[in-house]
Amino acid sequence: MLNSIIELVDTYWLYFLVGQYPDGPLGGLALTVLLSIGALLLAMPLGLLLGVARVSSQRAIRWPTAALVQLVRAVPLLLVVFWVYFFLPAVTGVKTGQATTMLMVLVLFDGIYLAEIVASGIRALPKGQLESARSLGLSYPQALRLVVLPQTLRNGLPSIVSQLVSTIKATSLGYIIGLSEVSFIATQINTLVFTQAVEVYLILALTYFILCFGLSRLAFLLERRLQRRPVQA
């Protein structure tokens, strides 16, 4: 089996990494990683906004935000993919490509979970932080931007890295709409060799494992490092 795996990697490694690029659209592992990182970065402003709204003292802001977060978290991500790819074009008349569809879904998915990370981080800070900043003459937005959110994001780094792991795994749902991410490419390679399905999907599993386990260890190390820092009053 080891010889078969080495032969597969030697023959199809470039196709596995980038798909048909440069003779066609980018795909494979490169597309999976770029989609995951791009979605997380684009979702950050949404996550910050919703996270701050989740801990707002005004019920008119806090309750609708909580309802939105719970609604999105309760709906299977696969169903959201179908809605965006099939239902949204039927309503708007604008059809989006597979990569754009998946990016939109992942931004929504990441934004909701980042909102929970931000809200939890704000709640975990000592209650005097915000009041002290306001007493120094800072407005509420300035206190959030200069005092609260920097600490929240620093303390939430392990959770943000863990969210990237979840996003990488979620990109595999793009297979359903024909997105040429890494699992779709692996399936195409399997149709070419046909008799080596075990080897092909073992390579795919190892790829996901290396990516996700490496990031999980990074999240663990970040958490350990943050725990060693003295707590600021």
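Residues numbered from 1 in each chain as written. Predicted model: local features only at pLDDT ≥ 70, side-chain atom pairs only at ≥ 80, totals over all residues. Heavy atoms only, no water.

**Here we look at the overall build of the protein chain**
Reasoning step 1: Within the protein chain one finds 10 helices and 0 strands.
Reasoning step 2: Listing the helices and strands of the protein chain from first to last along the sequence gives α-α-α-α-α-α-α-α-α-α.
Reasoning step 3: Principal-axis analysis of the C-alpha atoms gives the protein chain an extent of 70 × 50 × 30 Å.
Reasoning step 4: For the protein chain, the proportion of its 233 residues judged to be buried stands at 42%.
Reasoning step 5: A separation of at least 24 residues holds for 72% of the contacts in the protein chain among residues at least 6 apart in sequence.
Reasoning step 6: Accessible surface computed for the protein chain: about 13,300 Å², of which carbon and sulfur atoms make up 67%.
Reasoning step 7: Counting 16 positive and 9 negative side-chain charges, the protein chain places the centres of these two groups 22 Å from one another. (Helix = DSSP H or I, 4+ residues; strand = E, 2+ residues; numbered from the N terminus. Buried < 20%, exposed > 50% of the residue type's maximum accessible area, 1.4 Å probe, protein only. Contact = heavy atoms within 4.5 Å. Areas by Shrake-Rupley, 256 points an atom, 1.4 Å probe, with all protein chains shown as cover. Lys, Arg positive; Asp, Glu negative; His and termini not counted. Charge placed at Lys NZ, Arg CZ, Asp CG, Glu CD.)

**Remarks on the UniProt feature "transmembrane region" (unreviewed entry) in the protein chain**
Reasoning step 1: According to UniProt, the feature "transmembrane region" (unreviewed entry) maps to residues 29–53, 65–88, 100–125, 173–194 and 200–220 in the numbering used here.
Reasoning step 2: Strand forms 0% of residues 173–194 and helix 55%; the C-alpha atoms that close the span are 23 Å apart. (UniProt positions renumbered as here; feature names shortened; annotations may be inferred.)

**Looking at the packing of aromatic side chains**
Reasoning step 1: Evaluation of the coordinates by the stated rule reveals 5 aromatic pairs.
Reasoning step 2: Measuring from ring centre to ring centre gives 5.9 Å for phenylalanine 82 and phenylalanine 86, while their planes differ by 35 degrees; the resulting arrangement is tilted. Taken as a pair, phenylalanine 82 and phenylalanine 86 lie in helix α4 (residues 77–92) at a separation of 4 residues, close to a single helical turn.
Reasoning step 3: Looking at phenylalanine 82, the relative accessible area reads 30%, which means it is partly exposed.
Reasoning step 4: Residue classification places phenylalanine 86 among the partly exposed positions, given a relative accessible area of 48%. (Phe/Tyr/Trp six-rings, centres within 6.5 Å; stacked < 30°, edge-to-face > 60°.)

**Re a nonpolar patch on the surface**
Reasoning step 1: A cluster of nonpolar side chains, Leu78, Leu79, Phe82, Trp83, Phe86, Phe87, Val91, Tyr175 and Ile176, forms an exposed patch at the surface whose accessible area comes to about 860 Å².
Reasoning step 2: Structurally, tryptophan 83 can be placed in helix α4.
Reasoning step 3: Tryptophan 83 sits in the partly exposed class, given a relative accessible area of 44%. (Patch = residues over 30% accessible without salt bridge, like charges linked within 9 Å, V, L, I, M, F, W, Y side chains within 5 Å. Salt bridge = Lys/Arg side-chain N within 4 Å of Asp/Glu carboxyl O.)

**A look at the packing of helix α2 (residues 28–54) against helix α3 (residues 59–74)**
For any two helices packed against each other, one specifies the inter-axial angle together with the distance between the axes.
Reasoning step 1: Where α2 contacts α3, the axes come no closer than 8 Å and their chain directions differ by 125 degrees. Relative to α3, the element α2 lies oblique. When the axes of α2 and α3 are compared, the crossing they make is left-handed. Each of Leu50, Ala53 and Arg54 in α2 lies in contact with α3, whose residues at this interface are Ile61, Arg62, Thr65, Ala66, Leu68, Val69 and Gln70.
Reasoning step 2: Residue classes in the contact of α2 with α3 are distributed as 6 nonpolar, 2 polar and 2 charged. (Axes fitted to C-alpha atoms, helices over the stretch in contact; angles between N-to-C directions. Parallel < 35°, antiparallel > 145°, perpendicular 65-115°, else oblique. Left-handed = near helix turned anticlockwise from the far one by under 90°. Nonpolar A, V, L, I, M, F, W, Y, C, P; charged D, E, K, R; others polar.)

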